Amino acid sequence: MKVFLSWSGDLSHKVALELREWLPYVIQSVQPYVSSEDIDKCSRWSIDIAKELEDSSFGVLCVTPHNLEAPWLNFEAGALSKAFSTSNVSPFLFGLKPSELKKSPLLQFQSTLYDKKDLMKLVLSINNALGKDKLDEHKLKTTFDVWFENLKSKLDPLLSEAKVQKPSTAVEAEKTNDSEAMEEILELSREQYKLLRNPEAVLPPDYLLNLINSLNNEAILANYTN
């Protein structure tokens, strides 16, 4: 299965190349694709890229503080979402928080943070896209644990390039606090959305059935007593 790695800018390109090298060690049947075109110069949509996109089943957008508003990245994001389900497209946030996407079209996708837990979720999503050919989840998690440190050793040194200037005024500090608050709100919204999609996780059918039976028994007992 092909995974389309979208990038824009030097740092984003480096991250994409590291992911391209790393992913097949974790999921051997995956074939990552990174365009060799200089998309910062807005090269035209080549036949080669269009074909790779058509043949891909999953898309990862390498997003950094430097390309957050890059037209080309947003263009490829739109193309990926049209090619297949948005659940098979994930912005990989390198040096960014989800709240920083609040004005970006990328907000429609489920983002992946650069940390072990979130990367594991991304790998599981890619594995699920394999359908009947997907790997055993337990074995996949074991393989991931082995190879995560390898990827971390390559990406950690790049984090210095992703750093943005820290706030130096009270106004900028307030913006940072607002960003953190937005981060918490987004996280809560995601959790509520998950509960709405899967209410059984909070109120299992067996629990509801026992509750209804208990209430019925109490009502019968009350009528009998009266």
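One can find the structure itself at the top, above this paragraph.
Participant: Would you explain helix α1 (residues 10-26) in this entry?
Facilitator: Within an α-helix, residues lying three or four positions from one another point in the same direction, as the helix has 3.6 residues per turn. In this model, α1 (17 residues) spans 25 Å end to end at C-alpha, consistent with the 24 Å of a helix rising 1.5 Å per residue. Where α1 is concerned, the buried positions are Leu11, Ser12, Val15, Ala16, Glu18, Leu19, Trp22, Leu23 and Val26.

Participant: Help me understand the sheet that holds strand β2 (residues 31-34), please; the structure alone is not making it clear to me.
Facilitator: Backbone hydrogen bonds are what pair the strands of a sheet, in a parallel or an antiparallel way. With parallel pairing, the 5 strands of this open sheet are ordered in space as β2-β1-β3-β4-β5. One side of each edge strand has no neighbouring strand; the edge strands of this open sheet are β2 and β5 (112-113).

Participant: What should I look at first to understand the packing of helix α4 (residues 116-128) against helix α5 (residues 137-155) in this one?
Facilitator: When two helices pack together, you describe them by how their axes are tilted relative to each other and by the distance separating the axes. Direction vectors running N to C along α4 and α5 enclose 130°, while the axes themselves pass 11 Å from each other. When the interaxial angle is binned, α4 and α5 end up oblique. For the pair α4 and α5, the sense of crossing is right-handed. Of the residues in α5, those in contact with Lys116, Leu119, Met120, Val123, Leu124 and Asn127 of α4 are Glu137, Leu140, Lys141, Phe144, Asp145, Phe148 and Leu151. Looking at the contact of α4 with α5 residue by residue, the classes come out as 8 nonpolar, 1 polar and 4 charged.

Participant: Could you clarify how one ought to interpret the environment of alanine 79 in this entry?
Facilitator: Among the secondary structure elements, alanine 79 is positioned in helix α3 (residues 71-83). Spatially, the C-alpha atom of alanine 79 lies 9.3 Å from that of alanine 50, the residues being 29 residues apart in sequence.

Participant: What's the story with the pattern of salt bridges in this structure? I'm lost.
Facilitator: When the charged atoms of two side chains lie near each other, side chains of opposite charge can form a pair. Applying the stated criterion across every chain, the model contains 5 salt bridges. Note that lysine 14 and glutamate 161 form a salt bridge whose closest N and O atoms lie 3.1 Å from each other. Placement of lysine 14 in helix α1 and of glutamate 161 in helix α6 (residues 159-162) is noted, with a sequence separation of 147 residues between them. With relative accessibility at 31%, the residue glutamate 161 sits in the partly exposed group. For the salt bridge of aspartate 156 with lysine 152, the shortest nitrogen-to-oxygen distance reads 2.7 Å. Taking the relative accessible area as the measure of exposure, aspartate 156 reaches 30% and is therefore partly exposed. Each of Asp10, Lys14 and Glu161 takes part in a single network of salt bridges with overlapping partners.

Participant: Is there a simple way to explain the pairing of strand β3 (residues 56-63) in this structure?
Facilitator: A regular strand places its side chains on the two faces of the sheet in alternate fashion. Burial analysis of β3 places 7 of its 8 residues in the buried class, which makes it a mostly covered element. Sheet topology places strand β1 (residues 2-6) next to β3; 5 bridges connect them, and they run parallel. Note on β3: the bridge partner recorded for leucine 5 is valine 60. Pairing analysis gives 5 bridges linking β3 to strand β4 (residues 89-93), with the strands arranged parallel. In the strand pairing of β4, glycine 59 is matched with valine 89.

Participant: Could you clarify how one ought to interpret the packing of aromatic side chains in this entry?
Facilitator: A ring pair, where both rings are aromatic, is described by two values, the distance of the centres and the angle of the planes. For the structure on display, the rule yields 7 aromatic pairs. For the pair phenylalanine 92 and phenylalanine 94, a centre-to-centre distance of 6.5 Å together with 35° between the ring planes defines the contact as tilted. For the residue pair phenylalanine 92 and phenylalanine 94, the accessibility class agrees, reading buried in each case. Plain terms: the ring middles of phenylalanine 144 and phenylalanine 148 are 5.7 Å apart, the flat faces sit at 35° to each other, and that makes the pair tilted. Of the two residues, phenylalanine 144 and phenylalanine 148 both sit in helix α5, 4 residues apart, roughly one turn of that helix.

Participant: What's the story with the nonpolar core in this structure? I'm lost.
Facilitator: Counting residues in each nonpolar core, the largest one holds 34 residues, and the members touching the most others are Val15, Leu19, Phe92, Phe94 and Ile126. Residue assignment for this core shows that the elements contributing at least two residues are β1, α1, β3, α4 and α5. Ranked by residue count, the leading element in this core is α1, at 7 residues. Discounting chain neighbours no more than four positions away, the residues touching isoleucine 126 are Met1, Val3, Leu23, Ile27, Val30 and Phe58. If you look at the next biggest cluster of nonpolar residues, it comprises 19 residues, including Ile49, Leu61, Ala77 and Phe109.

Each value, and the rule that gives it
Residues numbered from 1 in each chain as written. Predicted model: local features only at pLDDT ≥ 70, side-chain atom pairs only at ≥ 80, totals over all residues. Heavy atoms only, no water. Helix = DSSP H or I, 4+ residues; strand = E, 2+ residues; numbered from the N terminus. Expected span 1.5 Å × (residues − 1). Buried < 20%, exposed > 50% of the residue type's maximum accessible area, 1.4 Å probe, protein only. Pairing = 2+ DSSP bridges. Axes fitted to C-alpha atoms, helices over the stretch in contact; angles between N-to-C directions. Parallel < 35°, antiparallel > 145°, perpendicular 65-115°, else oblique. Left-handed = near helix turned anticlockwise from the far one by under 90°. Contact = heavy atoms within 4.5 Å. Nonpolar A, V, L, I, M, F, W, Y, C, P; charged D, E, K, R; others polar. Salt bridge = Lys/Arg side-chain N within 4 Å of Asp/Glu carboxyl O. Phe/Tyr/Trp six-rings, centres within 6.5 Å; stacked < 30°, edge-to-face > 60°. Core = buried A, V, L, I, M, F, W, Y, C linked by side-chain atoms within 4.5 Å.

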